[in-house]
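Residues per chain are reported as follows:
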Amino acid sequence: MSDTRRRVKVYTLNEDRQWDDRGTGHVSSTYVEELKGMSLLVRAESDGSLLLESKINPNTAYQKQQDTLIVWSEAENYDLALSFQEKAGCDEIWEKICQVQGKDPSVEVTQDLIDESEEERFEEMPETSHLIDLPTCELNKLEEIADLVTSVLSSPIRREKLALALENEGYIKKLLQLFQACENLENTEGLHHLYEIIRGILFLNKATLFEVMFSDECIMDVVGCLEYDPALAQPKRHREFLTKTAKFKEVIPITDSELRQKIHQTYRVQYIQDIILPTPSVFEENFLSTLTSFIFFNKVEIVSMLQEDEKFLSEVFAQLTDEATDDDKRRELVNFFKEFCAFSQTLQPQNRDAFFKTLAKLGILPALEIVMGMDDLQVRSAATDIFSYLVEFSPSMVREFVMQEAQQSDDDILLINVVIEQMICDTDPELGGAVQLMGLLRTLIDPENMLATTNKTEKSEFLNFFYNHCMHVLTAPLLTNTSEDKCEKDFFLKHYRYSWSFVCTPSHSHSHSTPSSSISQDNIVGSNKNNTICPDNYQTAQLLALILELLTFCVEHHTYHIKNYIMNKDLLRRVLVLMNSKHTFLALCALRFMRRIIGLKDEFYNRYITKGNLFEPVINALLDNGTRYNLLNSAVIELFEFIRVEDIKSLTAHIVENFYKALESIEYVQTFKGLKTKYEQEKDRQNQKLNSNRFRRDAKALEEDEEMWFNEDEEEEGKAVVAPVEKPKPEDDFPDNYEKFMETKKAKESEDKENLPKRTSPGGFKFTFSHSASAANGTNSKSVVAQIPPATSNGSSSKTTNLPTSVTATKGSLVGLVDYPDDEEEDEEEESSPRKRPRLGS
C-alpha cells in the first residue's frame, strides 16, 4: 500500500490566475543526474508516469502555506504547487527543500522574492537592512504605520520584508487591539489609518499573514477595519451583515467542527474579496492572487470533505425526495445542492468527474425530476441550475437515465418532458429560464457529444427515444398556435396548466389539414376571409421562436428522424403560418427553418415543398412587405438566390411555373430573372435531349422491323410476331425514365394548377392555390379538378404560359411530356388544347 504521507496533487497556475490540477501522485526527493542536483519527483498513482521533475534550486523562493501546501515559481509566469494529503508529508518535503537551501525548516519562506530591477540594489544593501523596523504599535503611530505599509507596495523586496516583520512580531493582532480601542473612543482618524493599514497588509499577498487575519479570532476585526474607508461619509456595516443578516443554514447538521469552521471562513473571505475590497486597478491586479488561491484551496477541501461523508449526502437525498419534507426544508436542501455544485466548479476535471459520479450514484437525477415539477419558483430555478451543471458535465449520463426511465414511466413524467414543460411554462416576460433550458435541451440532442461504441450507438437509440416520447411535447405550442382546432388547444392548456393568450382568432374556418380540390373565392390567401391564426402575444411569439430555433437545429443535425417528423406532421406548412405574424423576428425564425431545409438540397424535402405549394406564404410575405428594404426582404431574396446559385431544378421549375408573374416586377435584384433563365435553359436542354433520343429510337425501330421481316419463318405464319426486347443503352435511360417520372408527377400534381394572378396593388400580384395536407404527404385522390377562372383584360400574360380553361386529370389518363409520332391519340389531344409547360424534376 502506498504511503499516504507522500500523496500529493500537482497544481500549476494558468493565465487566468486559476490553479489547474495536473494529477495525483506520490512525491519524493532524490538526486537526478541529468539535472545535477536534488530534485522533487512526482509519479502518478494511476500509471506511474512522471507528473513533475523539478530541481530544488538554491535561489528559488519556496513558500509553505496552510500546513499542507508548498508553492514556488520556476519561471516568470510558471507557478507550481504541491498539495499534500497529510501535514506530516508536507513537513518532510519542506525539510528536504530547506536542507538543500541551508534554511531553518521553521521558516515559511525560504528566500526573499527579488525582481531583476532591484536585485543589484539588494545585493549592495548591508546585512542589517534585511528586516524593516516597524514603529511601535501605538495610537499615535498609526499614521506612520499606514505610510510605511502604503510605501512598500510598489517594491516586491520591501513587501517581502514587511510581511516577514509583521509575522515575526505578531504585529497584526496588536493592530486589531488598537482597532477596538479606536472604535470605543470613536477615533475616526485612527480608524481611517487602520483601514489603509489592513488593506495594505492584504495587498502584501502573503498566505502566512492571511492565516492569521482570517482566523476565527481575528477575521471580524479585519472586516471591521475595512468598514472605515476614508472615501465614505459613513462607514459600511459589513459585520452586521455577516453576523445578523447572513445566516448559516445547516440543512443536515454538520458534525465535523473543522468542516464547519472551513465553510464559515471561506464565506467570509469570499465576502471580503467580492464585496469589501475595491476592484483592483491595473497595477494592483496581481496583489490578491494569493487570496484567490486561498479561497480556491478552501473550496476544494470543503467539497472533498463533504463528498467523503457519504452518510451526510445520503441523508440530504433522503430528505429531498421524501414526500413528508415540507416546502421550506426542501427549498433549503435544493439551495444547498446548488451551492455544492457551484463549489465543485473549482475542482479540476478528475475531481469533478468523481464528484458528479457520487451525486449520480446517490440519485440526483430522480430527485431533480421531483423538485423541477414543484410550484415554488425559487426551487425550480435552483433545480435548473443543478441540472445545467449535470448536463454540462456529462450529457450521456443524463441521456442514459431518461432512456432507462422511459421503460418504467409515462411520457408525462419523463425528466426531459418535465424540462420541456418548464421551458414552455416560463412566466418570465423575457423567458430567461426558457432560454437556459432550451440550451440544455440542445446539448442533450446534439449528436456531436453522443458516444458510439461497437455494441450500441447512443445517437440512434436516444434520437429514437426523443422523437417517440418527447418531440410531441416540444412542438405542442407550435402546433396549437398554428391550428384552429379548438379541442386541440383545450387539451394543451389543460395538460400544461398554463394560461396562453391567443390574441389572433380565426375569422374563417378553413383548416390547413382539410383536403380541398378546388379553388374558390373563400380561400384566397391574403383575403380578409382567411386570416390564418397567428400569435400576437409577445411572450408566446418568443416561446415559438425558441422552439423554432431548436427545430432548426434538429434539421441541421438529425437526418431521417426530423425528416419523418416534418413529413408526417406536415410541420413546415404549420411553421410557415407564422410568416403572417406581426412580430418580424418570429416570421424570420419560420423563414430560417425553411431555409435550413432547402439548404440540405434533399429531393424528398423538395418534392414535399412543391407538392404542398409551400413557397406561397413566403412569396406572399415578400409581396406584403412591399418596397421596404429590411431584414425580411433580404432573407427572402437570399432564399431564392440560394436556389438559383445551387441550381435546384425542381424548385426552380416550381417557382417559375407558379409564381413568376408575381415576381417578374422585382427588378432591383436579378434573382428572379436568373431563375427564369435557368428554367428555360434546362427546358431547352431536356427538349434537345428528348428529340435526339426520339430520332435514335425511330431509326432503331425501322432496322428491327426489316430484320424481323427477313427472318420470318413460314411455319409460324399464323403466330403474332413480337419485336425482341432490347435493354436500352445507358444514355437512353434518362429520357425514358424522365418521361415516366413526369407523367406520374402530373397525375399527382393535377390539383396544383395555376390560377390567374389577382392584382392586389399596383405592380403586385397574389396567387392562390389550394393544396391539401394529404397531397403534401404523398396521398392523392382519384380525381382532382382544378377550376381556373378566365383571365381578365388587365391581367398581364407571359409569352411562355398558356393557361387552359379547365384541366381534368385522373389516374387512368396520364398526359406525357413528349408526344411521339406513333401516339395518335395524344397528337389529337395536343391539337385540341394548348401545350402545357413541363414541370422539371431533378
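Worth saying up front: this structure is predicted, and the values here are computed from it rather than measured.

### Remarks on the overall build of the protein chain
Part 1: Scanning the protein chain from terminus to terminus reveals 34 helices and 11 strands.
Part 2: Put simply, the protein chain has 842 residues, and 48% of those count as buried.

### Let's talk about the packing of aromatic side chains
Part 1: By the definition in use, this model includes 24 aromatic pairs.
Part 2: Ring centres 5.7 Å apart and planes at 75° place the aromatic pair Phe 312 and Phe 336 in the edge-to-face group. Here Phe 312 is found in helix H12 (residues 310–321), whereas its partner Phe 336 is found in helix H13 (residues 327–344), with 24 residues between them in sequence. Accessibility assignment for this pair places Phe 312 and Phe 336 in one class, buried.

### A look at the pairing of strand E4 (residues 50–55)
Part 1: Both strand E3 (residues 37–44) and E4 contribute to a ladder of five bridges, which runs antiparallel. Bridge pairing links Ser 39 to Lys 55 in E4.

### A word on the confidence of the model for the protein chain
Part 1: Residues with a pLDDT of 70 or more make up 71% of the protein chain, whose mean pLDDT is 76.
Part 2: When pLDDT is averaged over each helix and strand of the protein chain, the minimum, 35, is found for strand E10 (residues 783–787) and the maximum, 96, for helix H26 (residues 584–599).
Part 3: Within the model, pLDDT remains below 50 along residues 714–742, and this stretch shows 27 contacts once partners closer than five positions in the same chain are excluded.
Part 4: For the stretch residues 748–842, pLDDT sits under 50, and the model shows 199 contacts to residues farther than four places along the chain or on other chains.

### Examining the pattern of salt bridges
Part 1: According to the stated counting rule, one finds 29 salt bridges in the structure shown.
Part 2: Put simply, Glu 160 and Lys 206 hold a salt bridge, and the shortest N to O gap is 3.1 Å. With Glu 160 in helix H4 (residues 156–168) and Lys 206 in the loop between helix H6 (188–202) and helix H7 (207–213), this residue pair connects regions lying 46 residues apart in the sequence. Neither residue differs from the other here; Glu 160 and Lys 206 are each classed as buried.
Part 3: Taken together, the shared-partner salt bridges in this structure form one network comprising Lys 64, Lys 87 and Asp 91.

### Quick notes on helix H11 (residues 289–308)
Part 1: With 20 residues, H11 should reach 28 Å at 1.5 Å per residue; the first-to-last C-alpha distance of 29 Å fits that figure.
Part 2: In terms of burial, H11 is largely enclosed, as 16 of its 20 residues are buried.

### Considering helix H19 (residues 432–444)
Part 1: Counted at 1.5 Å a residue, the expected span for H19 with its 13 residues is 18 Å, and the 19 Å between its end C-alpha atoms agrees.
Part 2: Those residues of H19 that fall on the buried side of the exposure criterion are Ala 434, Leu 437, Met 438, Leu 440, Leu 441 and Leu 444. Buried residues of H19 fall within an arc of 160° about the axis and therefore sit on the same side.
Part 3: Buried residues belonging to H19 abut helix H15 (364–372), helix H16 (377–393), helix H17 (395–406), helix H18 (415–424), helix H20 (458–469) and helix H23 (538–557).

### Some details on the packing of H20 against helix H21 (residues 471–481)
Part 1: The geometry of H20 relative to H21 is characterised by a closest axis approach of 5 Å and an angle of 45° between their N-to-C directions. Here H20 lies oblique to H21, going by the angle between them. Contacts between H20 and H21 involve Phe 466, Tyr 467, Asn 468 and His 469 from the former and Met 471, His 472, Val 473 and Leu 474 from the latter.
Part 2: Of the residues contributing to the contact of H20 with H21, the split by class is five nonpolar, three polar and no charged.

### Remarks on the packing of helix H14 (residues 349–362) against H16
Part 1: In the contact formed by H14 and H16, the axes pass within 11 Å of each other and the chain directions differ by 125°. Classed by the angle they form, the pair H14 and H16 counts as oblique. In this structure, H14 meets H16 at a crossing whose hand is left-handed. Residue-level contacts link Arg 352, Asp 353 and Phe 356 of H14 to Tyr 389, Leu 390 and Phe 393 of H16.

### Description of the side chain of Lys 64
Part 1: Tracing the backbone shows Lys 64 in strand E5 (residues 63–65).
Part 2: In this structure Lys 64 comes out as buried when scored by relative accessible area, which is 11%.

### A word on a negative patch on the surface
Part 1: A surface patch of negative charge is lined by Asp 256, Glu 258, Glu 308, Asp 309 and Glu 310.
Part 2: Within the secondary structure, Glu 308 sits in helix H11.
Part 3: For Glu 308, a relative accessible area of 65% puts it in the exposed group.

### Re the state of the cysteines
Part 1: Evaluation of the coordinates by the stated rule reveals zero disulfides.
Part 2: Of the cysteine sulfurs around Cys 182, a residue in no disulfide, the closest is that of Cys 225, at 8.7 Å.

### Some words on the environment of Ile 562
Part 1: As for its position among the elements, Ile 562 is in helix H24 (residues 560–569).
Part 2: The spacing of Ile 562 and Met 471 is 91 residues in sequence and 9.5 Å in space, taken between C-alpha atoms.
Part 3: Those residues in contact with Ile 562 that lie beyond four places of it in its chain are Tyr 467, Met 471, Cys 554, Val 555 and Tyr 605.

### Description of unusual backbone geometry
Working note: non-glycine residues mostly have negative phi, and peptide bonds are mostly trans.
Part 1: One non-glycine residue, Asn 205, lies in positive phi territory at about 65°.
Part 2: For Asn 205, a relative accessible area of 15% puts it in the buried group.
Part 3: A positive phi angle is found at Asp 647, which is not glycine, with a value near 55°.
Part 4: By secondary structure assignment, the location of Asp 647 is in the loop between helix H29 (631–646) and helix H30 (649–663).
Part 5: Judged by its relative accessible area of 29%, Asp 647 falls in the partly exposed class.

Reading the values: rules and limits
- Residues numbered from 1 in each chain as written.
- Predicted model: local features only at pLDDT ≥ 70, side-chain atom pairs only at ≥ 80, totals over all residues.
- Heavy atoms only, no water.
- Helix = DSSP H or I, 4+ residues; strand = E, 2+ residues; numbered from the N terminus.
- Buried < 20%, exposed > 50% of the residue type's maximum accessible area, 1.4 Å probe, protein only.
- Phe/Tyr/Trp six-rings, centres within 6.5 Å; stacked < 30°, edge-to-face > 60°.
- Pairing = 2+ DSSP bridges.
- pLDDT = per-residue confidence, 0-100.
- Contact = heavy atoms within 4.5 Å.
- Salt bridge = Lys/Arg side-chain N within 4 Å of Asp/Glu carboxyl O.
- Expected span 1.5 Å × (residues − 1).
- Arc of directions from axis to C-beta.
- Axes fitted to C-alpha atoms, helices over the stretch in contact; angles between N-to-C directions.
- Parallel < 35°, antiparallel > 145°, perpendicular 65-115°, else oblique.
- Nonpolar A, V, L, I, M, F, W, Y, C, P; charged D, E, K, R; others polar.
- Left-handed = near helix turned anticlockwise from the far one by under 90°.
- Patch = residues over 30% accessible without salt bridge, like charges linked within 9 Å, V, L, I, M, F, W, Y side chains within 5 Å.
- Areas by Shrake-Rupley, 256 points an atom, 1.4 Å probe, with all protein chains shown as cover.
- Lys, Arg positive; Asp, Glu negative; His and termini not counted.
- Charge placed at Lys NZ, Arg CZ, Asp CG, Glu CD.
- Disulfide = S-S within 2.5 Å.

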